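Geometric and topological summary
Listed below, chain by chain, are the residues.
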Amino acid sequence: MKDIDAIAALQDPVRRRLYEYVTAQGREVGRNEAAEATGVTRTLAAHHLDKLTEAGLLESGSRRLTGRSGPGAGRPAKVYTRARAEHTVSLPSRDYRTAAELLAEAAEQAGLDAGLCAVARSRGEALRGAAEPCGDLTDVMETLTARGYEPHLEEAVVRMRNCPFHSVAERFPPLVCGMNLALLEGLIGTEGPVRARMDSRPGECCVVVEPAEPSKTNAD
């Protein structure tokens with residue numbers, strides 16, 4: 001029932017806004033910031049943030065938000081970040097994660113990486129359908145948001161805070177990350193002004209999207 005309780009905690013509209021704000025930042029968020037961003041009082045924000053922590057949706061800690069230390073630096077403030085745990089609900093219970101892990105293990109042992117990537121690229125193209133490949137990073141952000149990747153722009157590179165395949169990727173990183181890259185190549189296109197490439201960073205998706213090299217879009 002823990003997963004059901006966690007998801008039920010988001011039914012309150014204020015609590016959901018606070019959760020969405022904290023998770024969108026990709027960093028620790030203090031109570032004052034969360035309250036101001038969502039238009040509620042600090043006391044109400046603190047109440048709901050602690051409820052989200054109790055439900056396992058957020059993790060909390062404390063640090064000095066002033067950036068100073070020593071005498072006069074002020075008391076540490078409570079801060080919140082997205083919880084690392086995943087929550088899923090299926091009634092009756094289903095165990096798709098185990099099935100995915102078994103299939104990934106079999107594919108890895110059989111050396112089916114290339115075949116899996118080919119299928120993933122074709123699936124990405126099918127998901128894109130008749131739409132043109134992404135024309136710029138704004139298109140990329142919209143496409144990735146719709147797929148649950150939680151993209152954010154960082155110095156002209158689109159990075160993603162969420163990996164939809166995180167639990168399986170942790171056990172089979174080369175196989176699943178390669179599949180993910182191929183899927184995104186099919187989804188955003190490979191011949192347009194943007195490209196997907198591997199650039200793994202802790203806590204984020206292993207793929208980034210950036211402007212393509214001029215030679216790839218302006219070939220003679």
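Heads up: these notes are all about the structure in this document. Within any chain, residue numbers begin from 1 and follow the written order of that chain's sequence. Totals for whole chains, interfaces and linings use all residues, but because this is a predicted model, local features are given only for residues with pLDDT of at least 70 and pairs of side-chain atoms are given and counted only at 80 or more. Only hydrogens and water are set aside when side-chain values are computed; all heavy atoms of the structure are taken into account.

1. Section: helix H4 (residues 42-54)
Two residues of an α-helix separated by three or four positions point the same way, owing to the 3.6 residues in each turn. Strands here are runs of E lasting at least two residues and helices are runs of H or I lasting at least four, both read from the DSSP assignment and numbered beginning at the N terminus. Multiplying 1.5 Å by the residue count of a helix minus one yields the expected span of that helix. With 13 residues, H4 extends 18 Å between its outermost C-alpha atoms, agreeing within 8% with the 18 Å of an ideal straight helix rising 1.5 Å per residue. Burial status follows relative accessibility: with a 1.4 Å probe on protein chains alone, a residue under 20% of its type maximum counts as buried, one over 50% as exposed, and anything between as partly exposed. Buried within H4 are the following residues: Ala45, Ala46, His48, Leu49 and Leu52. In what follows, a contact means two residues having at least one pair of non-hydrogen atoms within 4.5 Å. Turning to H4, the residues buried within the fold contact helix H2 (13-25), helix H3 (31-38), strand E2 (58-63) and strand E3 (77-82). Of the residues flanking the end of H4, it is Gly56, one or two places downstream, whose phi is positive at about 85 degrees.

2. A word on the pairing of strand E5 (residues 157-160)
Here E5 shows a buried face lined by Val157 and Arg159 and a second buried face lined by Val158 and Met160. Here a strand pair is declared whenever DSSP counts at least two bridges between the two strands. Bridge count between strand E4 (residues 151-154) and E5: four bridges; the pairing is antiparallel. Across the sheet, residue Leu153 finds its bridge partner in E5, namely Val158. Once E4 ends, the chain turns through two residues before running back antiparallel as E5, passing Glu155 with a positive phi of about 55 degrees.

3. Notes on unusual backbone geometry
Phi is positive for Glu155, which is not a glycine, with a value near 55 degrees. Structurally, the position occupied by Glu155 is in the loop between E4 and E5. Of note, Ala156 is a non-glycine position whose phi angle comes to about 65 degrees, a positive value.

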